[in-house]
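Examining the three-dimensional arrangement
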Amino acid sequence: MHRARWGKSWIAGRILDAHPDAPPVVVTDTVRNAIRIVALDKRARARGIKLNQTLSDARALVPGLDCHPADDEANRALLLKIAGWCERYTPLVALSSDPASERDHGLFMDITGCAHLLGGEEALVADLEARLRAQGFHVRLCLADTPGAAWAMARYGQERIIAEGAHGDAVLPLTLSGLRLPPDMVASLGRVGLKTVGCIAGLPRAPLAARFGARLMQRLDQALGREAEAISPIMPVAELSTERRFAEPVTHQDEISHVIAALAAGIIEPLERRGLGLRRCRLKLFRVDGHVSELGVQTARPLRDARMIARLFAERIAGLHDDLDAGFGFDLIRLDVVHADPFEGAQTEMMAHQAAGQGHDALVDRLGARLGLDRVQRFVLAETHIPERSFGRQPVAHLGAPGPGARRSAAGNAALALAPEAAGEIITRPLILFDRPELMQTIAEVPDGPPLRFRWRGVSYEVARSEGPERIACEWWRDGRGARTRDYFRVEDRQGYRFWMFRHGLYGRETSEPAWYMHGLFA
Amino acid sequence: MSLSRLQTATDILKARTRAYEAQAYRAHRGMALGDASEARPLPLGASAVDHCLDGGLACGGLHEVRSPLARDIGAATGFALGLAARAIEAGRSGRSGIVWISGPATRVDGGGLFPAGLAQYGLDPSLITIVEPGDLQGAMWAADEAAGCNGLAALIFQIKGNPGRFDITATRRLMLRARQSGVLALTLRQSGEEEASAAATRWRVNTEISGADDILERGVGAMRLLLTLERNRAGRTGQWLLAWNPKDRSFHHAAPHPASRSKPPAHSLDRLPASADRPGAPGQMGQVLDRRQDFGRAS
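Residues numbered from 1 in each chain as written. Chains lettered and ligands numbered in written order. Predicted model: local features only at pLDDT ≥ 70, side-chain atom pairs only at ≥ 80, totals over all residues. Heavy atoms only, no water.

1. Looking at the overall build of chain B
When helices and strands are tallied, chain B shows six helices and ten strands. By the burial criterion, 56% of the 299 residues in chain B qualify as buried. For chain B, restricting intrachain contacts to residue pairs at least 6 apart in sequence, the fraction spanning at least 24 positions comes to 75%. For chain B, the exposed surface amounts to about 12,800 Å²; the carbon and sulfur share of it is 53%. (Helix = DSSP H or I, 4+ residues; strand = E, 2+ residues; numbered from the N terminus. Buried < 20%, exposed > 50% of the residue type's maximum accessible area, 1.4 Å probe, protein only. Contact = heavy atoms within 4.5 Å. Areas by Shrake-Rupley, 256 points an atom, 1.4 Å probe, with all protein chains shown as cover.)

The structure is reproduced here in structure tokens:
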């Protein structure tokens, strides 16, 4: 994929096509301690500039060269976007790296079992190439039995589709660079006269491996199909997926909702057959211009209700900050079940008290889908006495089943079982706790007496009653040696407002001027 | 079909028929505005208040709790959580859980619920789901969704001040949804003025000096609220001094402290509901900033 190497500048290349007298465009990078040309356009090639030429040589040829530094990040991002788009053909799309620079440079697609959906291998390859070309990319692609052979033939071969079983013969005439070997190994093999794959394929293996390393034999075996090679797909492969293709792209929100409902209805039956319920799924919308939108929803409990799934997606779309940009329309919409859990076959009551979609779990799912999963939270407790550390808030979606039963069933939320159950007459902890204790000016008895008067948020309070101190020692294993002790007081002022405040540091031992902080409000 | 299952089905059908009959009866009396299948009111536990409310708060419905000053938010939160705890305690069928929705402006003061405090207050923190939408529109949507959820005991929607978008239409929608689903919906308004809303009742909560403790002379006693029922669609209003008992999760009447700044009247006081745009109404939020009155940063 040539254009992929151009990074951000490929758009510039496109614009320049309209101006024949514009200077040639090249992309440069530092290779072997010199700024060299790593990509160039047609016009530059016509002016005699070559790949791997140093920039100064190229400048000598064409003084007005338009050069751009290579942007690896942008290249990679673009390649990942193309990879996401390629998932319309198969879920197994992996990155392949260039052996010389170790940068991701191309894509592997495993189309086993997918070709018949598009009318055969020829049709798939032609469709893939035509669509990528239409998006402005120059593509070199090859379909072969092994990833190694496909890699070699795409770069150094001529044929686009190698017939089944013919890959062994096809790669033999190719140069050794086609075996994804490091350039210095190719060079040293060349020095002893081994230049093509065919040269080494017939040689005795042991001396070759001894001299050039086992890697050479491994790559050879992988190309010839003697050793299996697994590609690691970028996205986790969905457990189930269902899709709709459209001859006429869909643009309207209503049509999209209909499609989602139909797709959701389609996955219910396979889920039932496997005894699963949906926990996490994602919707991929392939726009005709190559852009891919992805929407994900999660559910708190395994779900097997098409209407609910469609409703979750409706909330998810409604919660997007800007509308789903349909552009010229979507020509492929796919629903993937990313994660499914065993469905506890709860028999529905005959006179179901709760209408479907009205229960507590369904509410949490809907809120999470619309507002974002991390905005719907529940308390988790931790084993510490420092008040602000004694609890955290976790998204409900990550906690498992909600409700009182959850404390028994959810193993990941064992901390909640530590919740102090006994409600007594004496209340020592406030209802409202400030995220950060607030510094205030206080007059208090020295060394460890209660506060008498304090000023907080610009208002003065006179203390009428107080209880304390409740001493909470610092966590030296976390905060280090210098951490100070806190003396907490419950304080009521003359009007009846009740506060929770603490003195930070023991007078005389830890500090000479202990600071006072406001930490909470009682009811 | 076995005999026992047939029996069960018959029982269910009978129960259903009874429910329909009861509903028809209420409709006949002009009471039922939704299918209030659980129309049993929620008593607060304090006799005078319950008497004034004809037995208690209507469970499916919207009620407003407000604290005029920002620093009264502790007391107002306590009252709202107390009501929610009672709603859970009432244990209506299949209802558990409280959804706490805080509007975007309420976090500015930097306070959040403290689980240890909740547990001592008589509420199980694991029953509370906290929702913090990024904007008011999202918060109102979340409140609407929660109000329509059958599996919920109570919903507390915390807002600050009187945002224009949370108007009478929005409250009416909340009210209708809560009435249909039977959720106890509460708006907890921090440092807000009284304004027209569709809520069935509106409560003002003020902090009151805690009761004197005989054992600990200078100790802090149990909390007390000066509770004013400012508005009641169904009847009378009043003012009471209440205390919360975390053990049996109920409110009870408390004797006024001798040094109390305001003495609740012996009889309930009747007040007409005030409209927000009445002449002489307090100004909009953010216009008045009297630091002696209030500690709120934004109020």
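Next comes the rest of the description.
2. Focus on the sheet that holds strand β6 (residues 240-250) of chain A
Sheet strands pair by backbone hydrogen bonding; their relative direction is either parallel or antiparallel. Residues and elements named next belong to chain A. In space, the four strands of this open sheet follow the order β6-β9-β7-β8, with antiparallel pairing throughout. Since the sheet does not close on itself, it has two edges, and those belong to β6 and β8 (292-303), each with one partner. Sheet twist, expressed as the mean angle between neighbouring strand axes with direction ignored, is 15 degrees. Bridge count for β6 against strand β9 (residues 330-342) is seven bridges, and the pairing is antiparallel. Across the sheet, residue E243 finds its bridge partner in β9, namely R334. In the packing of helix α13 (residues 306-318) onto the sheet, contacts are made with β7 (276-287), β8 and β9, and the angle to β8 comes to roughly 130 degrees. (Pairing = 2+ DSSP bridges. Axes fitted to C-alpha atoms, helices over the stretch in contact; angles between N-to-C directions.)

3. A word on the confidence of the model for chain A
All names here are of chain A. A residue-level look at chain A finds 88% of positions with pLDDT of 70 or above and a mean pLDDT of 82. Across residues 1-16 the pLDDT falls below 50, and counting only partners more than four positions away or on other chains, this stretch makes 44 contacts in the model. Note that residues 401-421 has pLDDT below 50 and, in this model, 29 contacts with residues that lie over four places away or in other chains. (pLDDT = per-residue confidence, 0-100.)

4. Some points on the interface of chain A and chain B
Each partner contributes to the interface: chain A provides 68 residues, whereas chain B provides 79 residues. Across the interface of chain A and chain B, roughly 6,300 Å² is buried in total on both sides, 57% from carbon and sulfur atoms. Ranking the residues of chain A by area buried against chain B places A:L431, A:R457 and A:R465 at the top, with a combined share of 12%. For the pair chain A and chain B, the interface holds eleven residue pairs in polar contact (both at pLDDT 80 or more). Per-element tally for the side of chain A that touches chain B: the top contributor is helix α14 (residues 360-371) of chain A, with seven residues. Taken together, the residues of the side of chain A that touches chain B break down into 35 nonpolar, 13 polar and 20 charged. (Buried area = accessible area lost by both parts, 1.4 Å probe. Polar contact = N/O pair within 3.5 Å; in protein donor to acceptor, adjacent residues only side chain to side chain. Nonpolar A, V, L, I, M, F, W, Y, C, P; charged D, E, K, R; others polar.)

5. Some words on the confidence of the model for chain B
Residues and elements named next belong to chain B. The pLDDT averaged across chain B works out to 78; a share of 75% of its residues lies at or above 70. The low-confidence segment residues 264-273, where pLDDT is below 50, has 16 contacts with residues more than four positions distant or belonging to other chains. Segment residues 285-299 is flagged for pLDDT under 50; beyond a separation of four residues in sequence, or across chains, it makes 32 contacts in the model.

6. What about the packing of helix α10 (residues 205-212) of chain A against helix α11 (residues 214-224) of chain A?
Helices that pack against each other are described as a pair by the angle of their axes relative to one another and the distance between those axes. Residue and element names in this part refer to chain A. At a minimum axis distance of 6 Å, the contact between α10 and α11 shows a crossing angle of 125 degrees. As summarised for this structure, α10 and α11 are arranged oblique, according to the angle between their axes. Here R205, L208, A209 and F212 of α10 lie close against α11, whose contacting residues are A214, L216, M217 and D221. In the contact of α10 with α11, the residues fall into six nonpolar, no polar and two charged. (Parallel < 35°, antiparallel > 145°, perpendicular 65-115°, else oblique.)

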